[in-house]
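One-letter residues, chain by chain:
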Amino acid sequence: MTHKAKVIGAGLAGSEAAWQLANRGIDVELYEMKPLRRSPAHHRDSFAELVCSNSLRSDRLQNGAGLMKEEMRRLGSLIMECADACRVPAGGALAVDREGFTETVTDRIKSHPNITVIHEEMDSIPESPAIVATGPLTDGALYNAIEEFFGVSLHFYDAAAPVVRADSLNMDKVFRASRYERGSDYLNCPMTRDEYFTFVHELIKAETAPLKEFETPRVFEGCMPVEVMAKRGDMTLAFGPLKPVGLRDERMEVKPFAVVQLRQDDAEGTLYNIVGFQTNLKFQEQRRVFGLIPGLENAEYARYGVMHRNTFINSPGRLDWRYSVKDTPGLYFAGQMTGVEGYVESAGSGLVAGINLAHELQGKPPVDFGRQTALGAMAHYVSEYCGSDFQPMNINFGIMDGIENAPRKKEERYTLIAERALSQIDGIISNML
C-alpha cells in the first residue's frame, strides 16, 4: 500500500521532514509558497535558505549543536549531507556557502522520485497526514488558522547580522586568525581602548528602525541586537562578541582591547558576516557606526542587518515528543514554530517528525530518541516544559539527562554525554533496520 503525506514549507525543517518521509517510501507533496511570495527574511527562491553562513554553529561533540549534527548525520539527514558538501573554513564551526547549500538542498529535493513540489501558499492547516513546517515568520490566513487551532500564539523578535564585501575592507588594519591558534579562518578587526569606547557610545546613541507590531518585544537572547547588548553596560561587548581572548595580532606588541571578528560567508571568500552584530539599526546608522570599527571604514554592505518577528506556538501540552499534535492523529508541526531555536534544531525537529509520521503511517512503533540524545532532549523540552514562561531554546547539555558520578571537568563530562548519546542513536538505527 502506498502512503501519502503533505509537508507545508520547504525550509530546513520541511525539507528534512519531506526527505525522511520520502526515503521511507511515503509519497510526499511538499508545498512551498516561493517564488509566489517570500517572507521578509528570505532573498532566494530555493529551499532551506540560511540567514548567515554560521547558522549551523559548532561542530564539536562537546557542544549541544555539534552533537545534534552528528546524530543527524548518522540518521541520514539531508540537511547535514548538504551542509558538509558546502562547508567553508570556520575553525571549529560548521559554516557553509549559503547559496551553494540552498541550491544543493533544492536539487536533492526536486530530484527525489517520491517528492512532488507544489508552489502554492497554504491558507489553512491541511488534513492529516501532514507536517506543518512553515517557519517562525508564518503570517496571513495560515497564521490565523494556527492561532485559532491552538487557541493562543506567542512571539519574540529575532535579528540578523550584516554581511560586507571582502574587497571593501581595509586589510592594513585587519589580521587573519582563529581563537587560540585554531587555524586562520576569521578576519579580525582589533580595537584600542579609545576606539572601543568611541564605538560603543555611538552605538548606544544610534537610531533604530521602528518595530511595527509590538512596542516592547521579547528578543531571543542568542540573537540579541548588538545595540541592545551595548546598553547593558560599556564593557558588555568587550566581554561578549568583541572579547579579544585567544586572538593575537603578530604585527602588534600590545594586545587589542577588543576585536570584531568577520566570518567567511561564501565559498569564494568574497563576503564576510560581522560576527555577533545582529542589529535593528537603520541602514545609514549601520554604515556610520560600524564604520568606526578599524578596517570597516569604507565597507560595502551586501546585506544590512535586519530584525523581524518570529512566532512560536505554546507547544508543551499540545505536542508530544514526536512533534505530533496530541489530539489530532497524523498531524505534526516542525521547525522553529514549535519552540526549537536555531537552524540545527529546526532541521532536527523535521527529522524526528518525518521519521515518526512515516512510522505512524506504516504501522510501526514510534521512535522516542529520549532525553539522553540531543534530538530527543530537544523534543522532550518542547513538549514537556513545565513552567509558565515557555520560550524558544537552543539545544544544550542542560536539558539532556546527566551522568552519574560525572567528572567535574566540563569537557570530560560533555564527552561522556556525547558518547552515550551516539551509542543510543546507533542502537535506535539498528532497531529501525
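Coordinates for the structure precede this section.
What counts and how
- Residues numbered from 1 in each chain as written.
- Predicted model: local features only at pLDDT ≥ 70, side-chain atom pairs only at ≥ 80, totals over all residues.
- Heavy atoms only, no water.
- Helix = DSSP H or I, 4+ residues; strand = E, 2+ residues; numbered from the N terminus.
- Buried < 20%, exposed > 50% of the residue type's maximum accessible area, 1.4 Å probe, protein only.
- Pairing = 2+ DSSP bridges.
- Contact = heavy atoms within 4.5 Å.
- Axes fitted to C-alpha atoms, helices over the stretch in contact; angles between N-to-C directions.
- Phe/Tyr/Trp six-rings, centres within 6.5 Å; stacked < 30°, edge-to-face > 60°.

K.L.:
Before we move on, can you summarise unusual backbone geometry with the specific residues and values?
P.N.:
A cis amide bond links S128 with the next residue in sequence, P129, at an omega value of 5°. Phi is positive for A48, which is not a glycine, with a value near 50°. With respect to the helices, strands and loops of the structure, A48 is situated in the loop between β2 (27–32) and α2 (64–74). On the accessibility criterion, A48 (1% relative accessible area) is buried. A positive phi angle, near 70°, is found at Y323, a position not held by glycine. Within the fold, Y323 resides in the loop between β14 (306–313) and β15 (331–333). What makes Y323 buried here is its relative accessible area of 1%.

K.L.:
I'd like to hear about the sheet that holds strand β9 (residues 175–176), residue by residue, with values.
P.N.:
Pairing is antiparallel across the open sheet formed by six strands, whose spatial order is β9-β10-β11-β12-β8-β13. The outermost strands of the open sheet, each flanked by one partner alone, are β9 and β13 (301–303). Here six bridges tie strand β10 (residues 186–191) to strand β11 (residues 258–264), and the two strands are oriented antiparallel to one another. Paired with Y186 across the strands is R263, a residue of β11. Relative to β10, helix α6 (residues 193–205) is tilted by about 95°, and along the sheet it contacts β10 and β11.

K.L.:
Summarise the packing of aromatic side chains; cite the residues concerned and give the values.
P.N.:
Across all of its chains, the model carries eleven aromatic pairs by this definition. Judged by centre distance (5.0 Å) and plane angle (90°), the rings of F149 and F150 are edge-to-face. Given a relative accessible area of 35%, F149 falls into the partly exposed group. A centroid spacing of 5.4 Å and a plane angle of 55° characterise the contact between Y196 and F257, whose relative ring orientation is tilted. With Y196 in helix α6 and F257 in the loop between α7 (226–230) and β11, this pair connects stretches of sequence that are 61 residues apart.

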